[in-house]
Amino acid sequence: MPSTLSDAFKGHPVHHHHKHPDFTSLQELPDSYAWTQLDENSTAVCEGVPVIDLHDPNALQLIGHACKTWGVFQIINHGISTSLLEKIESTSRSLFSLPIQQKLKASRPPDGVSGYGLARISSFFSKLMWSEGFTIAGSPLDHFCQLWPENYSQYCDVIDEYEREMKNLAGRLMWLMLGSLGITKGDIKWAGPKGELKDTCSALQLNYYPACPDPDRAMGLAAHTDSTLLTILYQNTTSGLQVLKEGTGWVTVPPISGGLVVNVGDLLHIISNGAYPSVLHRAVVNRTKNRLSIACLYGPPSNVQISPLPKLVGPSHPPLYRPITWSEYLGNKAKHFNKALSSVRVCTPLNDLNSIVEVV
Ligand SMILES: C=C1C[C@]23C[C@@]1(O)CC[C@H]2[C@@]12CCC[C@@](C)(C(=O)O1)[C@H]2[C@@H]3C(=O)O
Ligand SMILES: O=C(O)CCC(=O)C(=O)O
Ligand SMILES: [Fe+2]
């Protein structure tokens, strides 16, 4: 049976308390969208996130350093053509510009992964996010037939091509990220002998953030880490993505021409035994410009157990996380949201124990 994410939320239906909004009719920010404590929005700094040229002979080291210190970096010379990026952007725009009644025909079911709707994590917040999303896991055919009964196949082709190319790039990136920790092809049980990543899973998340009348009080997508090995994000020319950097605060990841953003997800955090921490990130919105982003959420085959890699574990580095499958981890995220990672933690790092001893 092919590995699939579609059953991950079967035991975790989400029922949003709000109906999906029609942003075009909103001239003022309704109270249901007004997040408090957002003063720090305007204080985000816009510098520092590493930009790495994949043709750079030092790419491996640069990537390793970025994963340890930032959990995020941008890549250029990645081999994804501008024309494919333009096609996925225009497909996403066509989707979000459909009338709301049409989009609702392709709604994400409460216990499903794919479809149109509020971000899954919305259920953890009392306020609504200023965004719309469409998730694709597996074939988009059924949903796209609902959205575009006449010409669904051209849109399906774009999704298939984008997903294929992104999975390929994600595999290359995974080996670079892990290679920098001394991990080689034979160390990953779910990869083939030549490092082939045949049964890996991925999902696409299309995000649309309409221009917002009161951006300082609104939130596009609330702070979260991704439940992935890694995520590759294409953002259009409007900025909005911010990452939390320890000691600095929120840092904007500026769109760069032809660039893609790569971030470390919770599963890479687990298999690297904490060497590469997953990065907390969010999306803020803009007063005059709409924004579009397309995330490729990449992970292992959904039902294989992943755990800290044996090479990264030793007497002074006990395994920090218990084995878990991607599918099970998504269920955990549905239950515990940002505490999902600590819910699979089995051991306190030695230096934390030392600090406890010192306090005592
Ligand atoms: C594979 C997945 C990760 C994700 C849940 C999903 O099943 C598909 C959508 C993903 C996404 C995208 C927006 C942010 C996020 C937290 C959410 O609500 O849906 C992530 C989920 C995740 O990484 O946990
Ligand atoms: O829109 C963005 O910049 C962030 C999107 C994101 O974090 C996600 O889809 O998981
Ligand atoms: Fe994300």
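- The chain has the name Fe2OG dioxygenase domain-containing protein in an unreviewed UniProt entry, where Xanthoceras sorbifolium is given as its organism.
- The UniProt entry for the chain carries the following text under Sequence similarities (unreviewed entry): "Belongs to the iron/ascorbate-dependent oxidoreductase family."

**Details of the side chain of Ser227**
Point 1. If you trace the backbone, Ser227 turns up in the loop between strand 6 (221-224) and strand 7 (230-235).
Point 2. Among the polar contacts listed, one links the side chain of Ser227 to the side chain of Lys333, at a separation of 3.2 Å.
Point 3. Filtering out sequence-adjacent residues up to four positions away, Ser227 remains in contact with Asp266, Leu267, Trp326, Tyr329, Leu330 and Lys333.

**Remarks on the nonpolar core**
Across soluble globular proteins, nonpolar side chains show a tendency to be buried alongside one another.
Point 1. Core analysis: the biggest nonpolar cluster contains 81 residues, and Phe73, Phe134, Phe144, Leu173 and Met177 have the highest contact counts within it.
Point 2. Looking at this core, the element that brings in the most residues is helix 5 (residues 152-179), giving 13 residues.
Point 3. When residues no more than four places from it in sequence are discounted, the contact partners of Phe144 are Leu95, Phe134, Ile136, Pro149, Tyr152, Tyr155, Cys156 and Ile159.
Point 4. Core analysis: the next-biggest nonpolar cluster, separate from the first, contains 20 residues, Tyr33, Ala119, Met219 and Ala283 among them.

**A few points about the packing of aromatic side chains**
Point 1. By the definition in use, this model includes 10 aromatic pairs.
Point 2. Centre to centre, the rings of Phe134 and Phe144 are 5.9 Å apart; their planes meet at 45°, and the pair counts as tilted. Of this pair, Phe134 sits in strand 4 (residues 132-136) while Phe144 sits in helix 4 (residues 141-147), and the two are 10 residues apart along the sequence. Taken as a pair, Phe134 and Phe144 share a single burial class, namely buried.

**A look at the coordination of the iron ion (ligand 3)**
Point 1. On the protein side, the iron ion (ligand 3) has His224 (NE2), Asp226 (OD) and His281 (NE2) as donor atoms, found 2.1 to 2.2 Å from it.
Point 2. Counting residues between consecutive donors of the iron ion (ligand 3) along the chain gives the motif H-x1-D-x54-H. With His224 in strand 6 and His281 in strand 11 (residues 281-283), this residue pair connects regions lying 57 residues apart in the sequence.
Point 3. Owing to a relative accessible area of 7%, His281 belongs among the buried residues under this scheme.

**Details of the site of ligand 1**
Point 1. Among the 14 residues in the neighbourhood of ligand 1, the closest are listed as Phe9, Arg120, Ile121, Asp226 and Ser227.
Point 2. Arg120 places a polar main-chain atom, nitrogen or oxygen, 3.2 Å from an oxygen atom of ligand 1.
Point 3. Here an oxygen atom of ligand 1 and a side-chain polar atom of Ser227 are 2.5 Å apart.
Point 4. Considering ligand 1 on its own, with 460 Å² of exposed area, one finds that the protein chains cover 95% of that surface.
Point 5. Tallying contributions element by element places helix 7 (residues 326-336) first for the shell around ligand 1, with three residues.
Point 6. Split by residue class, the shell around ligand 1 holds seven nonpolar, four polar and three charged.

**Some remarks on helix 1 (residues 59-69)**
Point 1. Of all the positions in helix 1, only Ala59, Ile63, Gly64, Ala66 and Cys67 are classed as buried. For helix 1, the angular spread of buried residues about the axis comes to 165°, placing them on one side.
Point 2. Buried residues along helix 1 sit in contact with strand 1 (51-53), strand 2 (72-76), helix 5 and strand 10 (260-264).
Point 3. Gly71 occupies a position one or two residues after helix 1 and carries a positive phi of about 75°.

Criteria and cut-off values
- Residues numbered from 1 in each chain as written.
- Chains lettered and ligands numbered in written order.
- Predicted model: local features only at pLDDT ≥ 70, side-chain atom pairs only at ≥ 80, totals over all residues.
- Heavy atoms only, no water.
- UniProt positions renumbered as here; feature names shortened; annotations may be inferred.
- Helix = DSSP H or I, 4+ residues; strand = E, 2+ residues; numbered from the N terminus.
- Polar contact = N/O pair within 3.5 Å; in protein donor to acceptor, adjacent residues only side chain to side chain.
- Contact = heavy atoms within 4.5 Å.
- Core = buried A, V, L, I, M, F, W, Y, C linked by side-chain atoms within 4.5 Å.
- Buried < 20%, exposed > 50% of the residue type's maximum accessible area, 1.4 Å probe, protein only.
- Phe/Tyr/Trp six-rings, centres within 6.5 Å; stacked < 30°, edge-to-face > 60°.
- Donors = N, O, S within 2.8 Å, 3.2 Å for Na, K, Ca; no water.
- Near = heavy atom within 4 Å.
- Areas by Shrake-Rupley, 256 points an atom, 1.4 Å probe, with all protein chains shown as cover.
- Nonpolar A, V, L, I, M, F, W, Y, C, P; charged D, E, K, R; others polar.
- Arc of directions from axis to C-beta.

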